[in-house]
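Architecture and fold: a report
So the chains spell out like this:
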Amino acid sequence: MMDLTLAHARVRSAVLDVMRPPPLLTVSGWADEYRRLSPESAAEPGRWRTDRAPYQKAIMDAVSDPTVREIVVMKSAQVGWTEILGNCVGYYIDRDASPILMIQPTLEMAETWSKDRLAPMIRDTPALRGKIQDARSRDSGNTLLHKTFPGGHVTIAGANSPSGLASRPIRIVLCDEVDRYPASAGTEGDPISLARKRSTTFWNRKLLMGSTPTVKGSSRIEAAFDASDQRYYMVPCPHCETFQRMRWDNVKWPQDEPRAAYYACPECGGVIEDRHKMFMLSQGRWEATKQSDGVAGFHINELYSPWVGFGDTAASFVDAKRSPETLQTWVNTALGETWVERGDVPTHDRVMQMRAEYCSREVPDGSVVLTAGIDVQKDRLVYVVKSWGYGMASWLVEFGQMWGETDKPDVWERLADVLGTDYGGHQIRLALVDSGFRADAVYAFCRGNPLALPSKGHESLTQPVRMSRVDVTVRGVQIKNGVKLWHVDSGYFKQLVHSRIDWPQDQPGAWHLPSDISEDYARQVVAESKITLPSGKVVWKRHDRENHALDCEAYAAAAARILGVDRMRAPRPAPEAVEVKEGDPVVVHHEQRRRRRGTFNTARW
Ligand SMILES: [Zn+2]
């Protein structure tokens, strides 16, 4: 049976071989044969040569490879990207006539590309010259942003302008500098998704996107590269022949002489100079580091560029590192890497070092009040229970999660049990539940649990916590004792949590973790940091996928704030010895209240 199947497969394969059309010219083959570089856009005008920068070959040939559906190029400047795009357009005009859409970040850049790149290429490349009529000739029907040729057209659009992105069907979509695209084309949604939709009718559709990356976490090209097969160009050391990825760490230079920089082979220590580069590039090969279904991803940086020396890169680095802004630009444009600004977030190792001598679910001495913070996911609730003392000192009492669909009652019943837990004589006084994801379920839970408040995190607010009413009648009248929503400045409380991690343990306000806390918790609590985007906007960025512990901590801290923990003063050593002075009523007030009720009163919330 097995043999028959095998035989059948062989026959099938042989038949397919016969039926397969003769190999088509590849994009690089076409470019070497027909493409001419224009004097106004190329340092070396005239005949195109792929072997001038051999890493370009596989990128272009992936475009003409029928098994590849999408090509993603995350790149530095100066690697020849613009001409690669030109070659793809030329190939499809001349050899595989198709409707082509070129998307530039803006309409203005679309016009510039048409004038400064496309027009000279058509003018100087004889194979293309006869195929597209000059827009200035009367009957051409061609405009700056739309050019027809036998069997197809090139439409050039701006990612900021939905009109160009959503009309005719397109087979070849080319997306240039995608990290500069707006999040949405007008009100129409993501520009790349719009373009992708237009090509769905073609079984042989193709999408090529490339960009210099920007900020980690918000970079389109990095997200696309992450989803690809992630190829890197491996080149042999001219001394020991070890194949390697060229990395910035290995560029060295004598003190104060960046112009004299060289590349040090990490394997043999051999000195690699600019003159070795051509040999290395010509022997290089792309290696995929991940499995992917039809998405070819290429990463290339300036160290590979035949047009840039190691000394140029080192000198531009020395210039750029004077300020974070210029350093970011350098990292993006020279290394082709995203900029990670972790702010001053501690490492998870640092968090693990903070484990103290108590166990989860124990409430150590010094605790005044317990709060909880709950993060609501689709399929689970994640929570922390925190114990608070004077000066916002805190102890993590419990970190846990309960699995179960949060639109069903089961997990909520279990949460009610957690909130009712007796922690060695202490009970949770207030819990904030994130309502950002499943508001209705959270409101319903909070209506039945007086110590739970629905809350919503915001990037920033004018005050750390603010209340609004949710339950109003149809006439807009507030319902007495109805649900109140607490708005929380998440950034403020995440910053508070992070600032306490490095707090000296013996000082008031210290942050404590139980001895048995998991590494998972430690990673999650520092999974985000405050970063400044190129626009100057400050945002909290996630570095790890899971950040729920940090969200929970922020809500638990906000709950402590609502209870007034931050306004408490340290108790006097012996209350009977207290001499009540004028101007010192707060201490007495808190002390008295604490003694009278034995705990905090949360009834007013
Ligand atoms: Zn070597």
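Residues numbered from 1 in each chain as written. Predicted model: local features only at pLDDT ≥ 70, side-chain atom pairs only at ≥ 80, totals over all residues. Heavy atoms only, no water.

Quick notes on the side chain of R438
Put simply, the rule is: A run of H or I in DSSP becomes a helix once it reaches four residues, and a run of E becomes a strand once it reaches two; helices and strands are each numbered from the N terminus. Burial status follows relative accessibility: with a 1.4 Å probe on protein chains alone, a residue under 20% of its type maximum counts as buried, one over 50% as exposed, and anything between as partly exposed. Positive charges come from Lys and Arg, negative ones from Asp and Glu, while His and the chain ends are left out of the count. Every case where a carboxyl oxygen of Asp or Glu lies within 4 Å of a side-chain nitrogen of Lys or Arg is listed as a salt bridge. Counting of polar contacts relies on pairs of N or O atoms within 3.5 Å, with two restrictions inside protein: one atom must be capable of donating a hydrogen and the other of accepting it, and residues adjacent in sequence are counted only when both atoms are side-chain atoms. What makes two residues a contact is simply this: any of their non-hydrogen atoms within 4.5 Å.
Relative to the assigned elements, R438 resides in the loop between β19 (428-434) and α15 (439-448). An unpaired buried charge is present at R438: no salt bridge exists, and E405, the closest side chain of opposite charge, is 4.2 Å distant. Side chain to side chain, R438 and T406 meet in a polar contact 2.7 Å long. Each residue touching R438, except ones within four places of it in the same chain, is listed here: V376, K378, E405, T406 and D407.

Some remarks on the pairing of strand β18 (residues 394-403)
Here is the rule we go by: In this analysis, strands are considered paired if DSSP registers two or more bridges between them.
Within β18, eight of the ten residues are buried, leaving the element largely enclosed by the surrounding structure. With antiparallel pairing between neighbouring strands as the criterion, strand β17 (residues 380-388) and β18 make up a hairpin whose turn holds five residues, including G391 at a positive phi of roughly 70 degrees. Here β18 pairs with strand β23 (residues 511-512) via two bridges, running parallel. Each bridged residue has a counterpart across the sheet, and for W395 the counterpart in β23 is H512.

Topic: the coordination of the zinc ion
Cut-off, in case you're wondering: Metal donors were taken as nitrogen, oxygen and sulfur atoms no farther than 2.8 Å from the ion, or 3.2 Å where the ion is Na, K or Ca. Water is excluded, so coordination may look unfinished. Only four donors with every angle between 85 and 135 degrees are called tetrahedral; only four or six donors with opposite donors over 155 degrees apart and all others between 65 and 115 are called square planar or octahedral, in that order; all others are irregular.
Protein coordination of the zinc ion is provided by C237 (SG), C240 (SG), C265 (SG) and C268 (SG), with donor distances spanning 2.3 to 2.4 Å. Its four donor atoms give the zinc ion angles of 106 to 112 degrees at the centre, a pattern that matches the tetrahedral case. Its relative accessible area of 0% is what places C237 among the buried residues.

So, the packing of helix α16 (residues 490-501) against helix α18 (residues 548-562)
To be explicit about the condition: Only the stretch in contact is used when a helix axis is fitted, and all axes are lines through C-alpha atoms; the angle between N-to-C directions ranges over 0 to 180 degrees. Roughly parallel here means an angle under 35 degrees, roughly antiparallel means over 145, roughly perpendicular means 65 to 115, and every remaining angle is called oblique. Residues are grouped as follows: Ala, Val, Leu, Ile, Met, Phe, Trp, Tyr, Cys and Pro are nonpolar; Asp, Glu, Lys and Arg are charged; all remaining types, including Gly, are polar.
Direction vectors running N to C along α16 and α18 enclose 100 degrees, while the axes themselves pass 8 Å from each other. Here α16 lies roughly perpendicular to α18, going by the angle between them. Judged by residue contacts, Y492, F493, K494, L496, V497 and H498 of α16 engage L550, D551, E553, A554, A557, A558 and R561 from α18. Tallied by class, the residues present in the contact of α16 with α18 amount to eight nonpolar, one polar and four charged.

Some details on the pairing of strand β20 (residues 452-458)
The test is simple: By the criterion used throughout, a crossover qualifies as right-handed when its path from the first strand across the helix to the second strand runs clockwise, the strands pointing away from the viewer.
As paired strands, β19 and β20 are joined by four bridges and run parallel to one another. Looking at the pairing, L432 lines up with L453 of β20. Running through α15, the crossover from β19 to the neighbouring parallel element β20 is right-handed. One ladder, built from four bridges, connects β20 with strand β22 (residues 484-489); its direction is parallel.

Here we look at the packing of aromatic side chains
The criterion, for reference: Classification of ring pairs rests on two measures: the distance between centres of Phe, Tyr or Trp rings, Trp counted by its six-membered ring, which must be within 6.5 Å, and the angle between planes, read as stacked under 30 degrees, edge-to-face over 60 and tilted in between. Counting as a charge over the ring demands two things of the Lys NZ or Arg CZ atom: a distance within 6 Å of the ring centre and an angle within 35 degrees of the ring normal.
Under the counting rule described, the total for this entry stands at 16 aromatic pairs. Ring centres of Y263 and F310 lie 5.8 Å apart, and the angle between their planes is 35 degrees; on these two criteria the pair is classed as tilted. Taken together, the residues span a long stretch of sequence, with Y263 in strand β12 (residues 262-264) and F310 in helix α11 (residues 310-320) at a distance of 47 residues. The same class applies to Y263 and to F310, which are both buried. Within the aromatic cluster, the residues linked to one another by ring pairs are Y55, Y233, W286, F298 and Y304. Between the NZ or CZ atom of R245 and the centre of the ring of Y232, over which it lies, the distance is 3.8 Å. Note that R500 overlies the ring of W503, its terminal NZ or CZ placed 4.1 Å from the centroid.

Observations concerning the environment of L550
With respect to the helices, strands and loops of the structure, L550 is situated in helix α18. L550 sits in the buried class, given a relative accessible area of 0%. Separated by 53 residues in sequence, L550 and V497 have C-alpha atoms that sit 8.0 Å apart.

Focus on the sheet that holds strand β11 (residues 251-252)
If you trace the three strands from one edge of the open sheet to the other, you get β11-β12-β13, paired in antiparallel fashion. A strand with exactly one partner marks an edge of an open sheet, and here the two such strands are β11 and β13 (271-272). Judged from the two bridges that link them, β12 and β13 form a sheet pairing that is antiparallel. Following the sheet pairing, A264 is matched in β13 by V271.

Some details on the nonpolar core
Rule in force here: Buried Ala, Val, Leu, Ile, Met, Phe, Trp, Tyr and Cys residues form a nonpolar core when they are joined through side-chain atoms within 4.5 Å.
Counting residues in each nonpolar core, the largest one holds 67 residues, and the members touching the most others are Y55, L208 and W330. In terms of residue count, helix α4 (residues 81-94) provides more of this core than any other element does, eight residues in total.

Description of the pattern of salt bridges
This structure, assessed with the given rule, holds 29 salt bridges. With its nearest N and O atoms 2.7 Å apart, the salt bridge here joins D312 to R259. Placement of the pair is D312 in helix α11 and R259 in the loop between β11 and β12, with a sequence separation of 53 residues. Since its relative accessible area comes to 34%, D312 is described here as partly exposed.

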